[in-house]
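Structure assessment
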Amino acid sequence: MLKTLEKIPAQDPLNDPEQKAIIDRILLENKGLPGATMVVLNSLQEAIGHISPPMQVYVAEQLGEPVSRIHGVVSFYSFFTTTPRGKHTIKFCMGTACYVSGIEQVIEKAKQILEIEPGQTTEDGLITLELCRCVGACSQAPVIVVDEEVEGRVKPNRFPKTIQDIKTKEE
Ligand code: FES
């Protein structure tokens, strides 16, 4: 967990004047209001696309909160990300039904093909892998969610086609 703002990477949103202005506007609009932390973090995720570690420190400083609290909230909720998401997101349901139906083998296949772990994005910025909780389609377990679309009864050997479909959409 980053604790101070001493070293901000060059590509961080805090170093981009346009993005910094958006961050400051969101903070200014909400500072001092009840529930400001959640509102600020939600708005930042939506406007900037992620909440980098330096952004978490900056938000903590500006709202007068401990960095550990901001970090705790960002890591607890899966809709917050600390790096930019790829153009497409594939989520793997980790709910009980999907777990016992073999979602882990599907995840293994995805890791093998894309050479990234859940929580990471491919180098070309095309695909992000994520884990999620039950999406309410347990009867179709194991389930993945490609962008907003639920795909059920997923088999590891069908996963290359899922990737191929995403790539074809991009051509
Ligand atoms: S456990 Fe996966 S959809 Fe419910």
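Let me sum up the structure you'll find in this document.

The rules behind these values
- Residues numbered from 1 in each chain as written.
- Predicted model: local features only at pLDDT ≥ 70, side-chain atom pairs only at ≥ 80, totals over all residues.
- Heavy atoms only, no water.
- Helix = DSSP H or I, 4+ residues; strand = E, 2+ residues; numbered from the N terminus.
- Buried < 20%, exposed > 50% of the residue type's maximum accessible area, 1.4 Å probe, protein only.
- Contact = heavy atoms within 4.5 Å.
- Pairing = 2+ DSSP bridges.
- Salt bridge = Lys/Arg side-chain N within 4 Å of Asp/Glu carboxyl O.
- Expected span 1.5 Å × (residues − 1).
- Arc of directions from axis to C-beta.
- Phe/Tyr/Trp six-rings, centres within 6.5 Å; stacked < 30°, edge-to-face > 60°.

Looking now at the environment of serine 68. When you line up the elements, serine 68 lands in helix H4 (residues 67-76). With a relative accessible area of 45%, serine 68 lands in the partly exposed category. Sequence separation between serine 68 and glutamate 117 is 49 residues, and the spatial gap between their C-alpha atoms is 25 Å.

Before going further, it helps to examine the side chain of asparagine 30. Mapped onto the elements of the fold, asparagine 30 is located in helix H1 (residues 17-30). Given the relative accessible area of 12%, asparagine 30 is considered buried. Contacts of asparagine 30, omitting those with residues within four sequence positions, involve Ala36, Val39 and Val40.

Counted residue by residue, strand E2 (residues 127-132) has five buried out of six residues, so it is predominantly covered. Taken together, the six bridges between strand E1 (residues 88-93) and E2 define a ladder with parallel strand orientation. Within E2, the residue paired with cysteine 93 across the bridge is cysteine 132.

Moving on: the pattern of salt bridges. A full pass over the atoms with the stated rule returns eight salt bridges. Across the pair lysine 20 and aspartate 24 runs a salt bridge, and its minimum N-O distance is 2.9 Å. Taken together, the positions of lysine 20 and aspartate 24, both in helix H1 and four residues apart, correspond to about one turn of that helix. Exposure remark for lysine 20: the relative accessible area of 25% places this residue in the partly exposed category.

On to helix H6 (residues 103-114). Over its 12 residues, H6 extends 16 Å from the first C-alpha to the last, a length consistent with the 16 Å expected when each residue adds 1.5 Å. Listing the buried residues of H6 in full gives Ile103, Val106, Ile107, Ala110 and Leu114. Down the axis of H6, the buried set is contained in an arc of 100°. They therefore lie on one face. Residues of H6 that are buried make contact with E1, helix H5 (96-100), E2, strand E3 (144-146) and helix H7 (159-170).

Moving on to the pairing of E1. With five of its six residues buried, E1 lies for the most part within the structure. Pairing geometry for E1 and E3, over three bridges, is antiparallel. Looking at E3, one finds that lysine 91 is bridged to valine 145.

Turning our attention to helix H3 (residues 53-63). H3 sits mainly inside the fold: eight of its 11 residues count as buried. For H3, the set of buried residues is Pro54, Met55, Gln56, Val57, Tyr58, Val59, Ala60 and Leu63. On its buried side, H3 packs onto H1, helix H2 (36-48) and H4. Just past H3, the residue glycine 64 takes up positive phi, approximately 70°.

Turning to the packing of aromatic side chains, a few remarks are in order. How two aromatic rings sit relative to each other is set out by the distance from centre to centre and by the angle between their planes. Throughout the structure, instances matching the rule amount to five aromatic pairs. Ring geometry for phenylalanine 76 against tyrosine 77: centres 5.0 Å apart, planes inclined by 90°, an arrangement best described as edge-to-face. We classify phenylalanine 76 as exposed; its relative accessible area is 52%. For tyrosine 77, a relative accessible area of 33% puts it in the partly exposed group.

From the geometry alone we can't say anything about function, so treat these as descriptive.
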